[in-house]
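Report on the structure
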Amino acid sequence: QVQLVESGGGLVQAGGSLRLSCAASGRTFSNYAMGWFRQAPGKEREFVAVIRWSDDRIYYADSVKGRFTISRDNAKNTVYLQMNSLRPEDAAVYYCAAGGWTIVVPTRASWYAYWGQGTQVTVSS
């Protein structure tokens, strides 16, 4: 049983930072991509960033490029999302997900097979 558990969300002022964690268990993820998505109320789930476990290839949404950093820790089977210079528009429930990444960068939620339960990020202005 694959399990993804996010943590690290919370309330932060605009310009502040948070680090989200996604602990993965239940299988070997070496052939997977680990992605972060977010969903604000009334909006569709939006791609944020993805890292390919096998070679650390990374891709970011334009809206977070230069402010967010995705990384992984093999020993802990954990993926992180360091979020700096947070803006009110970054507020959302953040989800991590596991899926495949062969040729096309997986930016669509439908391409991911496994999801965590989400962690809330609130940014005050």
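What comes next concerns the included structure. (Residues numbered from 1 in each chain as written. Predicted model: local features only at pLDDT ≥ 70, side-chain atom pairs only at ≥ 80, totals over all residues. Heavy atoms only, no water.)

1. What about the state of the cysteines?
We count it as follows: The disulfide definition used here is simple: a pair of cysteine sulfur atoms within 2.5 Å. Only DSSP runs of H or I reaching four residues or more are called helices, and only runs of E reaching two or more are called strands; each is numbered from the N terminus.
Following the criterion strictly, the structure yields one disulfide and no others. Across a sulfur-sulfur distance of 2.0 Å, cysteine 22 and cysteine 96 are joined as a disulfide pair. Disulfide cysteine 22-cysteine 96: torsion about the S-S bond near 55°, hence right-handed. Remark: cysteine 96 occurs in strand β9 (residues 92–99) and cysteine 22 occurs in strand β3 (residues 18–25); sequence separation between them is 74 residues.

2. Examining the sheet that holds strand β1 (residues 3–7)
Formally: At least two bridges found by DSSP between two strands is the condition for calling them paired. The axes are straight lines fitted to the C-alpha atoms, using for helices just the contacting stretch, and the angles between their N-to-C directions are given from 0 to 180°.
Strand order in the open sheet formed by four strands is β1-β3-β8-β7, and the pairing between neighbours is antiparallel. Each edge of the open sheet is held by one strand with a lone partner, namely β1 and β7 (68–73). Within this sheet the neighbouring strands show an average axis-to-axis angle of 15°, counted without direction. Relative to β3, β1 runs antiparallel, the two being bridged by five bridges. Within β3, the residue paired with valine 5 across the bridge is alanine 23.

3. Structural notes on the environment of tyrosine 112
The test is simple: Contact between two residues is taken to exist if any of their heavy atoms lie within 4.5 Å; hydrogens are not considered. Here a polar contact means two N or O atoms within 3.5 Å. Within protein one must be a hydrogen donor candidate and the other an acceptor candidate, and residues neighboring in sequence count only if both atoms are side-chain atoms.
Along the chain, the position of tyrosine 112 falls in strand β10 (residues 112–115). Along the chain, tyrosine 112 and glycine 99 lie 13 residues apart, while their C-alpha atoms are 4.2 Å from each other. With residues up to four places along the chain from it excluded, the contact list for tyrosine 112 reads Ala33, Gly35, Phe37, Phe47, Val50, Ala97, Ala98, Gly99 and Pro106. Polar contacts involving the side chain of tyrosine 112 include one to the main-chain carbonyl oxygen of proline 106, which spans 2.6 Å.

4. Some thoughts on unusual backbone geometry
A positive phi angle is found at aspartate 56, which is not glycine, with a value near 65°. By the secondary structure assignment, aspartate 56 is in the loop between β5 (46–52) and β6 (58–60). Look at asparagine 77: it is not a glycine, yet its phi comes out positive at around 50°. You can see asparagine 77 is positioned in the loop between β7 and β8 (78–83).

5. Considering the nonpolar core
Let me state the cut-off plainly: The term nonpolar core refers to a set of buried residues drawn from Ala, Val, Leu, Ile, Met, Phe, Trp, Tyr and Cys, joined through side-chain atoms within 4.5 Å. Relative accessible area decides the class of each residue, using a 1.4 Å probe on protein chains only: under 20% of the type maximum gives buried, over 50% gives exposed, and in between gives partly exposed.
Among the nonpolar cores identified, the biggest contains 38 residues, and Phe29, Met34, Trp36, Leu81, Met83 and Tyr94 are the most heavily contacted of them. Taken together, the elements giving at least two residues each to this core come down to β3, β4 (33–39), β5, β7, β8, β9 and β11 (119–124). Leave out the neighbours within four places in its chain, and phenylalanine 29 touches Val2, Leu4, Ala24, Met34, Trp53, Asn77 and Ala98.

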